[in-house]
Amino acid sequence: MKMNKTFDVKSMVLCSLFASLSCIGAFIQIPLPNSDYFTLQYLFVMLTGMLLGSKRALISISSYVFMGLIGLPVFAAGGGIGYLLKPTFGYLLGFILSAYLVGYLCEKLNANSFSKFFISGLSGFLVIYIVGFAYKYMILNFYLSFKIPFIAILLSAFPIDMPGDFIMTILASILAVKIKRVVKI
Ligand SMILES: O=C(O)CCCC[C@@H]1SC[C@@H]2NC(=O)N[C@@H]21
C-alpha cells in the first residue's frame, strides 16, 4: 500500500475483494451445537492478513463486519445491529484484530515462506479464540443468563473448530506463499 494520503484504487479493490470473500466464507458453513458454526470466514480472514498487510486487512475486515452490522446478511446467522448480542460476535471482533495482527507480523517478518506465514497465522488464531471465547462467555452468562462455565465453552471448540482452523492456518499459509509468488499484491 502506498503510504500517501490517498488510498489507491488497487487497495480499494483488494479490500472489497477480500471483504467479499469473508461474506462468501460465512455461507460455506456447518452448523454446530451451542450457537456455533464451522465456516470458511476464518480461512479468508487469515488470507486477508497474510496478503494485504496490516492496514488494508484492518480496513477490509472492519468493512466486512460493518456491512453485517448495518443489516446485510453476511454473517453466519444473518446480520443486523442485534448481532452485537449474539454469542459469535466476539469471533467477528477477533477477525478484525487478527487480520491486523497477521498482516503486521507478515510485514515485520517480511513473510515469503510457509513458516513465516504460519507463525503469523497462529498468532491470529490465538487472538480470534481468546476474544471469541471471552465474548461468548459473557453473552451466554450475563445476557442470556445460562450458567455455562468457561471450560465448557473452551471444550466445545475442541472437536471441530480448533483442529479445523489449525488446518485452515496451514492451508492459508500454503496459499499465501503460492499467491505471493505469482501476484504482486
Ligand atoms: O457469526 C458469525 O458470522 C461468526 C462465526 C464465527 C465462527 C467461529 S470463528 C472461529 C471458529 N471457527 C469456525 O469455523 N467457527 C468458529
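Our structure's up above, just so we're on the same page.
What comes next is a walk through the structure. Worth saying up front: this structure is predicted, and the values here are computed from it rather than measured.

### Quick notes on the state of the cysteines
Reasoning step 1: Applying the stated criterion across every chain, the model contains zero disulfides.
Reasoning step 2: Lacking any disulfide linkage, Cys23 is separated from the closest cysteine sulfur, that of Cys15, by 13 Å.
Reasoning step 3: With relative accessibility at 11%, the residue Cys23 sits in the buried group.
Reasoning step 4: You can see Cys106 has no disulfide; the closest cysteine sulfur is in Cys15, sitting 15 Å from it.
Reasoning step 5: Using a relative accessible area of 8% as the deciding quantity, one classes Cys106 as buried.

### A short note on the site of the ligand
Reasoning step 1: By nearness alone, 15 residues border the ligand, and Tyr37, Ala76, Tyr83, Thr88 and Asp165 come closest of all.
Reasoning step 2: One of the side-chain N or O atoms of Gln41 is found 3.0 Å from an oxygen atom in the ligand.
Reasoning step 3: Relative to its unbound accessible area of 410 Å², the ligand is 100% covered by the protein chains.
Reasoning step 4: Taken together, the elements giving at least two residues each to the shell around the ligand come down to strand S2 (36–39), helix H4 (89–109) and helix H7 (161–182).
Reasoning step 5: In terms of residue count, S2 provides more of the shell around the ligand than any other element does, four residues in total.
Reasoning step 6: Among the residues forming the shell around the ligand, the class breakdown is nine nonpolar, three polar and three charged.

### What to know about a nonpolar patch on the surface
Reasoning step 1: On the surface, Ile81, Leu84, Leu85, Tyr143, Leu144 and Phe146 cluster together into a nonpolar patch covering about 560 Å² of accessible area.
Reasoning step 2: By the element assignment, Leu144 lies in the loop between helix H5 (114–143) and helix H6 (150–156).
Reasoning step 3: Take Leu144: its relative accessible area is 37%, and that puts it in the partly exposed class.

About the criteria used
- Residues numbered from 1 in each chain as written.
- Predicted model: local features only at pLDDT ≥ 70, side-chain atom pairs only at ≥ 80, totals over all residues.
- Heavy atoms only, no water.
- Disulfide = S-S within 2.5 Å.
- Buried < 20%, exposed > 50% of the residue type's maximum accessible area, 1.4 Å probe, protein only.
- Near = heavy atom within 4 Å.
- Polar contact = N/O pair within 3.5 Å; in protein donor to acceptor, adjacent residues only side chain to side chain.
- Areas by Shrake-Rupley, 256 points an atom, 1.4 Å probe, with all protein chains shown as cover.
- Helix = DSSP H or I, 4+ residues; strand = E, 2+ residues; numbered from the N terminus.
- Nonpolar A, V, L, I, M, F, W, Y, C, P; charged D, E, K, R; others polar.
- Patch = residues over 30% accessible without salt bridge, like charges linked within 9 Å, V, L, I, M, F, W, Y side chains within 5 Å.
- Salt bridge = Lys/Arg side-chain N within 4 Å of Asp/Glu carboxyl O.

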